[in-house]
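Descriptive analysis of the structure
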Amino acid sequence: MLSSKVTDCNAHGQDSSYFLGWQEYEKNPYHEVNNPNGIIQMGLAENQLSFNILESWIENNPTATQFKNNDDQSVFKELALFQDYHGLPSFKKAFVQFMSEIRGNTFTFDPNNLVLTAGATSASETLMFCVANPGDAFLIPTPYYPAFDRDLKWRTGAEIVPIHCSSSNGFRITRSALEDAYQQAQKKDLKVKGIFVTNPSNPLGTSLSMHELDLIFNFISTKNIHLISDEVYSGTVFSSPKFTSVMEVLKNKNLMKSEVSNRVHIICSLSKDLGLPGFRVGAIYSGNGDVVSAATKMSSFGLISSQTQYLLSEMLSDRKFTKIYLSENRRRLKHRQETLVKGLQKVGIRCLKSNSGLFCWVDMRHLLGSKTFHGEIELWEKIVYDVRLNISPGSSCHCSEPGWFRVCFANMSEETLILAMQRVKSFVESMSKKNNRNRHQQILHNSARRTKSLPKWVFSLSLNQLEVGEQR
């Protein structure tokens, strides 16, 4: 007999359209030479725009990849035998310095409050294990990253209650939406343990405003609950408004030594900010000593290799490199986002105004056959199978309004993005022609129905009027 975790894998969320799109892409992946008619992957939030800067640093710093120190002495044996799940002190120091630099040095992070994990997925789950019991709930603003259903719920037994946000105000969090979600949880007899936000947002590509942050802090203070802020996209903010970390809010509100600070935690990673998802580097930052202690012990189930930590400690300690990388990466992200937005605008598709992330939140409501989630999935299937683009439907992100899609732009070459826009243009034009034909046929059909229902004297009168008109 197998455990229920094996027999009940549906809770993993793998049957979501978010993951199904990936499966279709893997069956027919686009390649400019080998498969030019394949599916272009626009459902993967991966940053490949600044890889040459990373590769250049590797080339110019061979001792880091050779595992040698500044004295040109090998540290390979030391790294190979290192097993302390607290992590390399040099790496933790370099990591928190990088976190501070990303945030404009508005907050100084303490490496003693940092717990290293094998990616942000591990960090998210570990935090949930630390602060929530099975059956407890976290409130999450919609739309949200589809894999949170897996990361936060699958093994922890925690529940997610959506904070429904609307396009009417750009999907911003409101006081009424917070209260409605809290009351909804109570109706389900769920104990609310906290709020979980992504800042900047995945999939919106927007950072939380100060007004939203104030609402959230007032809410968690009143309700005596936790706040987890997933800030893995903090280094991708490429235009105003600026990104504000929850740790900066704590500092500005003079709450660093208060009881509230024990209930505020952040998740960070190098997967998006540095474009290294394969290195599996994530972290939890918390001022709560009990959380740090428990999470550190749990991190033994998903450690970052000491070789990875050493290489990255060398890279992130190079302040000249980090300054150049962050500046140039933001410039490239801004250019690429503008390319996507302008390309879609040319065919009548608009995007939510964004300032961060590796994607745009795209409004295709006017292309729906029916203003329903069924209509959204029908459109998504056409885009995947006919247009051959894998994008993520809003329903997979638990959006409360059908017709929105997340479209990624940083995981491909600019030439591939331009090709994708050409495919979208052809699709929209074909839909427009089809709709025009359908409208024309409907007009003819309605006209024929009206003609059949008219009495014969109307035709006689019309004929006489026509003859009089010709005589004039």
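Values in this document were obtained by computation on a predicted structure and should not be read as measured data.

**Observations regarding the layout of surface pockets**
Approximately 510 Å³ is the volume found for the largest pocket. Along the wall of the largest pocket there are 28 residues; nearest its centre are Thr121, Tyr145, Ser271, Lys272 and Arg280. Considered class by class, the residues forming the lining of the largest pocket number 12 nonpolar, eight polar and eight charged. One number sums up the size of the second largest pocket: a volume of about 270 Å³. Thr121, Ser122, Glu125, Phe129 and Arg155 are, among the 16 residues lining the second largest pocket, the residues nearest its centre. Residue assignment for the lining of the second largest pocket shows that the elements contributing at least two residues are α7 (120-131) and α8 (148-153). It is α7 that provides the largest number of residues to the lining of the second largest pocket, a total of five residues. Of the residues belonging to the lining of the second largest pocket, the class tally is five nonpolar, six polar and five charged.

**Topic: the pairing of strand β4 (residues 159-163)**
Pairing of strand β3 (residues 137-141) with β4 involves five bridges; the strand directions are parallel. Directly across from Phe138, in β4, lies its bridge partner Ile160. Crossover connection from β3 via α8 to parallel β4: handedness right-handed.

**Quick look at the packing of helix α2 (residues 17-27) against helix α15 (residues 373-387)**
Relative to each other, α2 and α15 sit at 20 degrees, their axes nearing to 11 Å. Classified by the interaxial angle, the pair formed by α2 and α15 is roughly parallel. Here α2 and α15 pass one another in a crossing that is right-handed. Every residue of α15 that contacts α2 at Ser17, Leu20, Gly21 and Glu24 is listed here: Ile377, Trp380, Val384 and Tyr385. Partitioned by chemical class, the residues of the contact of α2 with α15 number five nonpolar, two polar and one charged.

**Observations concerning unusual backbone geometry**
Along the chain, Thr142 connects to Pro143 via a cis peptide bond; the corresponding omega equals -5 degrees. The topology assignment puts Pro143 in the loop between β3 and α8. Each neighbour pair has its own omega, and for Ser240 with Pro241 the value is 0 degrees, a cis peptide bond. Structurally, Pro241 can be placed in the loop between β6 (226-230) and α11 (246-252). At Asn254, a residue that is not glycine, the phi angle is positive and equals roughly 55 degrees. Structurally, the position occupied by Asn254 is in the loop between α11 and β7 (264-269). Taking the relative accessible area as the measure of exposure, Asn254 reaches 69% and is therefore exposed. Phi is positive for Arg280, which is not a glycine, with a value near 55 degrees. Summarising the element assignment, Arg280 is placed in the loop between β7 and β8 (282-286).

**Focus on the pairing of strand β5 (residues 192-198)**
The element β5 is largely enclosed, with a buried count of seven among its seven residues. In this structure, β3 lies alongside β5, joined through three bridges in parallel fashion. Residue pairing for β5: Phe138 is matched across the bridge by Gly194. Inspection of the sheet shows β5 paired to β6 by five bridges, in the parallel sense. What sits directly across from Val197, in β6, is Ser229. Handedness of the β-α-β unit built from β5, helix α10 (residues 210-223) and β6 comes out right-handed.

**Notes on the confidence of the model for the protein**
Confidence in the prediction of the protein, expressed as mean pLDDT, is 89, and 89% of residues score 70 or more. Element-level pLDDT for the protein is lowest in helix α17 (residues 456-471), with a mean of 42, against a maximum mean of 98 in strand β10 (residues 359-363).

**Looking at empty space enclosed by the protein**
Enumeration over the complete set of coordinates arrives at two cavities of 30 Å³ or more. Taken as a whole, the largest cavity holds about 150 Å³ of empty space. Lining of the largest cavity is provided by 18 residues; of these, Pro141, Thr198, Ser201, Leu204 and Leu208 occupy positions nearest its centre. The set of elements that each furnish at least two residues to the lining of the largest cavity consists of β3 and β5. For the lining of the largest cavity, the class distribution of residues is 12 nonpolar, four polar and two charged.

**Comments concerning the packing of α7 against helix α12 (residues 289-298)**
Helix packing for two helices is described by the angle between their axes and how far apart those axes are. Orientation of α7 relative to α12, taken along the N-to-C sense of each, is 130 degrees, at an axis distance of 10 Å. By the angle between their axes, α7 is oblique relative to α12. Our pair here, α7 against α12, has a crossing hand that is right-handed. Contacts between α7 and α12 involve Thr126, Leu127, Phe129, Cys130 and Val131 from the first element and Val291, Ala294, Ala295 and Met298 from the second. Of the residues belonging to the contact of α7 with α12, the class tally is eight nonpolar, one polar and no charged.

Parameters at a glance
Residues numbered from 1 in each chain as written. Predicted model: local features only at pLDDT ≥ 70, side-chain atom pairs only at ≥ 80, totals over all residues. Heavy atoms only, no water. 1 Å grid on protein atoms, 1.4 Å probe; cavity = no way out; pocket = protein on both sides within 12 Å on 5 of 7 lines; lining within 4 Å. Points joined across faces, edges and corners; volume = space filled by probe spheres on them. Nonpolar A, V, L, I, M, F, W, Y, C, P; charged D, E, K, R; others polar. Helix = DSSP H or I, 4+ residues; strand = E, 2+ residues; numbered from the N terminus. Pairing = 2+ DSSP bridges. Right-handed = clockwise from strand over helix to strand, strands pointing away. Axes fitted to C-alpha atoms, helices over the stretch in contact; angles between N-to-C directions. Parallel < 35°, antiparallel > 145°, perpendicular 65-115°, else oblique. Left-handed = near helix turned anticlockwise from the far one by under 90°. Contact = heavy atoms within 4.5 Å. Buried < 20%, exposed > 50% of the residue type's maximum accessible area, 1.4 Å probe, protein only. pLDDT = per-residue confidence, 0-100.

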